[in-house]
Amino acid sequence: MTDSRYPIGPMPIHLSLTPQEREEALGAIRALPAELRAAVHGLDDAQLDTPYREGGWTVRQVVHHVADSHMNAYVRVKLAITEDTPTVKPYEEQLWAELPDKALPPEVSLELLERLHTRLMTVLGGVTDWAREWTHPAQGRTYTIDTLLGMYAWHGRHHVAHITHLRERQGW
Ligand code: NI
């Protein structure tokens, strides 16, 4: 049985990646805006407002959530590069997903993600030390920029799969 919440399995937490794994993760992050755009292509408003699973976010909320999350990713990467073991700021993603911007057209967040990932990929292109650390206050341990790569490569695919699996199930 696959858990509809975790169509590609749980988020990986790696402290270091091999050069090959890093290239793969960078490729996934680079590809995400186009893959998310393709995942929602052609959906009408009623389809966009359909939960991807019972009790879950709508397709529209999933798209806006990816933008919320990856804005935080961008900030976390820049903090990790520019400060010594910074503590990142967690956020209440469920509450963020209920704010009034949840009703905007997905296009707003698709364009945001395209621009954001251009900047994120450019920043990542300058990283020379993938082991630079950061901490998460809830977990009380340190992670690395490699950890962020693995997390956010997974995160984009995870949410794209929510949408593509819904479309398969619905025959959309
Ligand atoms: Ni998420």
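Residues numbered from 1 in each chain as written. Predicted model: local features only at pLDDT ≥ 70, side-chain atom pairs only at ≥ 80, totals over all residues. Heavy atoms only, no water.

(A) Quick peek at the overall build of the protein chain. In terms of helices and strands, the protein chain carries 6 helices and 2 strands. Taken against the 2.2 N^0.38 rule, which gives 16 Å for 172 residues, the C-alpha radius of gyration of the protein chain at 16 Å falls within 12% of a compact globule. Expressed as lengths along the three principal axes of its C-alpha atoms, the size of the protein chain is roughly 45 × 35 × 30 Å. Out of the 172 residues in the protein chain, the part that is buried amounts to 47%. For the protein chain, long-range pairs separated by at least 24 residues make up 77% of all intrachain contacts whose partners lie at least 6 apart in sequence. Taken together, the 17 basic and 23 acidic charged side chains of the protein chain have centroids lying 1 Å from each other. (Helix = DSSP H or I, 4+ residues; strand = E, 2+ residues; numbered from the N terminus. Rg over C-alpha atoms; globule rule 2.2 N^0.38 Å. Buried < 20%, exposed > 50% of the residue type's maximum accessible area, 1.4 Å probe, protein only. Contact = heavy atoms within 4.5 Å. Lys, Arg positive; Asp, Glu negative; His and termini not counted. Charge placed at Lys NZ, Arg CZ, Asp CG, Glu CD.)

(B) Broad picture of the coordination of the nickel ion. Donor atoms from the polypeptide that bind the nickel ion are H65 (NE2), H155 (NE2) and H159 (NE2), placed at 2.0 to 2.1 Å. In the primary sequence, the donor residues of the nickel ion line up as H-x89-H-x3-H. Remark: H159 and H155 occur in helix α6 (residues 145-170); sequence separation between them is 4 residues, near one turn of the helix. Owing to a relative accessible area of 5%, H159 belongs among the buried residues under this scheme. (Donors = N, O, S within 2.8 Å, 3.2 Å for Na, K, Ca; no water.)

(C) Seen up close, the pairing of strand β2 (residues 141-144). Pairing geometry for strand β1 (residues 133-136) and β2, over 4 bridges, is antiparallel. By the bridge assignment, E133 is partnered in β2 with T144. (Pairing = 2+ DSSP bridges.)

(D) Fine view of the side chain of T144. Counting through the fold element by element, T144 comes out in strand β2. Relative accessible area serves as the criterion here: at 6%, T144 is assigned to the buried category. Other than its neighbours up to four places away in sequence, T144 contacts H14, L15, W130, A131, R132, E133 and W134.

(E) Molecular detail of the packing of aromatic side chains. For the structure shown, the criterion picks out 2 aromatic pairs. With a centroid separation of 4.4 Å and 50° between ring planes, the pair formed by Y91 and W96 is classed as tilted. For Y91, a relative accessible area of 18% translates into the label buried. (Phe/Tyr/Trp six-rings, centres within 6.5 Å; stacked < 30°, edge-to-face > 60°.)

(F) Quick peek at the nonpolar core. Counting residues in each nonpolar core, the largest one holds 43 residues, and the members touching the most others are L36, V40, L124, L149 and I163. Mapped onto this core, the elements with two or more residues apiece are α1 (19-40), α3 (59-82), α5 (106-125) and α6. Among residues more than four places away in sequence, those in contact with L149 are L17, R22, A25, L26, I29, L124 and W130. (Core = buried A, V, L, I, M, F, W, Y, C linked by side-chain atoms within 4.5 Å.)

(G) The arrangement of the side chain of T135 in detail. By the secondary structure assignment, T135 is in strand β1. Its relative accessible area of 15% is what places T135 among the buried residues. Within polar-contact distance, the side chain of T135 engages the side chain of T87 at 3.1 Å. When residues no more than four places from it in sequence are discounted, the contact partners of T135 are T85, P86, T87, V88, R141 and T142. (Polar contact = N/O pair within 3.5 Å; in protein donor to acceptor, adjacent residues only side chain to side chain.)

(H) Just the packing of α3 against α6, in detail. Where α3 contacts α6, the axes come no closer than 11 Å and their chain directions differ by 175°. Classed by the angle they form, the pair α3 and α6 counts as roughly antiparallel. Residues V59, V62, V63, H65, V66, S69, H70, A73, R76, V77, A80 and I81 of α3 pack against I145, L148, Y152, H155, G156, H159, I163 and L166 of α6. (Axes fitted to C-alpha atoms, helices over the stretch in contact; angles between N-to-C directions. Parallel < 35°, antiparallel > 145°, perpendicular 65-115°, else oblique.)

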